[in-house]
Amino acid sequence: MEEQNNNQNQQQNGQNLSDTDLFKFLNKYKFIISIIVFLALFASDMYYTIDANERGVVLRFGKASKTESGAYTLVEPGLHFKLPFIDQVEKVKVDFIYKEEFGYKTVDADVKSEYATGRNFEEVSWMLTNDPSIAEVTWVVQYKIQNPGDYLFEVKNVKNTIRDVSEASIRLAVGDQTFDEVIGDKRVAIAKSALDRMKKVLSSYNTGIQVQTVKLMSVKPPANVADSFNKVNQAEQQKEVSQNVARKDSTNTINIAIGVKDRLINEALGYEIDKVNRAKGDADRFLALLAEYKKDKTNATRARLYFDKISTILSNSGEVVIFDESINNLSPLFNFEKLAPKKDD
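Owing to the predicted nature of the structure, the values given are computational and were not obtained by experimental measurement. (Residues numbered from 1 in each chain as written. Predicted model: local features only at pLDDT ≥ 70, side-chain atom pairs only at ≥ 80, totals over all residues. Heavy atoms only, no water.)

*Asks:* How would you explain the nonpolar core if you had to name every residue and give the values?
*Replies:* Counting 30 residues, the largest nonpolar core has V137, W139, I170, M198, V211, V214 and L216 as the members making the most contacts within it. At the level of secondary structure, the elements contributing two or more residues to this core comprise β11 (134-145), α6 (158-175), α7 (179-183), α8 (187-204) and β12 (209-220). Of all the elements, α8 adds the most residues to this core, at seven residues. Ignoring sequence-local partners within four residues, the contact set of V214 consists of W139, V140, V141, I170, A191, A194, L195 and M198. If you look at the next biggest cluster of nonpolar residues, it comprises five residues, including Y48, V58, V75 and V89. (Core = buried A, V, L, I, M, F, W, Y, C linked by side-chain atoms within 4.5 Å. Buried < 20%, exposed > 50% of the residue type's maximum accessible area, 1.4 Å probe, protein only. Helix = DSSP H or I, 4+ residues; strand = E, 2+ residues; numbered from the N terminus. Contact = heavy atoms within 4.5 Å.)

Structure representation (structure tokens):
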């Protein structure tokens, strides 16, 4: 009973819809309306717009047109017309900077970038160095589309090609360096070597792109050996600190020794100069006295020298007693033991 009632209601609704004025109008002019809709679609497909940062390539029956030189014909920015349903337009952004990330994935590049976690990037980021050791290298490649025709039609999958060439270039550059060089001062050289190789290879493939930059984001040891590596670094730093302290102490000690040496040498030179000058002075004085002695005919100089010497000798002596040879009776009056020089105990 319920199914019969539902069928009757549907039949009544269908009859009511067919009885409306709109349905009668559409049914009466359906051919004209179809033509109008077709012409509207035809007209809307006759024109297209290329933005300022884009270039277009027109495909007619699925084939891109080329110039006499063999290059693909490009459509410049602006409003253009084409054959509806026959021509197809491929638009490419030529002023946009594309990027490919290796070894990591940016989830949100807002004020503070967030990166994907829990994903296995080791197949890309782990690389063998020249030691050989394993380094975990992450990098980013930025590029622009230089030739839209080559980009669209010469290589089947340009994105995968870029990734493969970039990975091969980085691995080759990293493999030529030791681990310490990779994580140290060779980062810029590695990036430049990879950039030059990518440009050369991708140009030979006619990919139509121009690589702008290759930038190493992080270079570090794998996570499972990071603790050991950090301990080694700490030991190396401590070793360097100890060596610097030792060098400083050595330098100070050497400087002190050099100062003492210079002082002793200067004192010896001064002593030498003093002795030489004194000797020269004594020799000059003696020669001068000798010359006067030879000139003196009255022996006055000889007498003066004699008395000067006797005065010097007697001034350093104790009590002096002079006897006359003709006087003999006074000798018992003197206590010669007192006058004699004292002996040390």
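The discussion continues.
*Asks:* Tell me about the packing of aromatic side chains, and please be specific about residues and values.
*Replies:* Within this structure, the stated rule accounts for four aromatic pairs. Pairing Y72 with F153 gives two aromatic rings, centres 5.4 Å apart and planes at 35°, and the pair type is tilted. In this pair, Y72 sits in the loop between β3 (63-64) and β4 (74-75) while F153 sits in helix α5 (residues 148-153), placing the two residues 81 residues apart along the sequence. A centroid spacing of 4.6 Å and a plane angle of 0° characterise the contact between F102 and W139, whose relative ring orientation is stacked. Here F102, found in strand β7 (residues 98-102), pairs with W139, found in strand β11; they are 37 residues apart in sequence, far enough to count as distant. This pair shows no difference in class: F102 is buried, exactly as W139 is. One residue, K66, lies across the ring of Y72, its end atom 4.7 Å from the ring centre. Here the basic side chain of R163 rests over the ring of F102, its NZ or CZ set 4.3 Å away from the ring centre. (Phe/Tyr/Trp six-rings, centres within 6.5 Å; stacked < 30°, edge-to-face > 60°. Lys NZ or Arg CZ within 6 Å of the ring centre and 35° of its normal.)

*Asks:* So what's going on with a negative patch on the surface? Which residues, and what values?
*Replies:* A surface patch of negative charge is lined by D131, D180, E236 and E240. Its location among the elements puts E236 in helix α9 (residues 226-295). Owing to a relative accessible area of 44%, E236 belongs among the partly exposed residues under this scheme. (Patch = residues over 30% accessible without salt bridge, like charges linked within 9 Å, V, L, I, M, F, W, Y side chains within 5 Å. Areas by Shrake-Rupley, 256 points an atom, 1.4 Å probe, with all protein chains shown as cover. Salt bridge = Lys/Arg side-chain N within 4 Å of Asp/Glu carboxyl O. Lys, Arg positive; Asp, Glu negative; His and termini not counted. Charge placed at Lys NZ, Arg CZ, Asp CG, Glu CD.)

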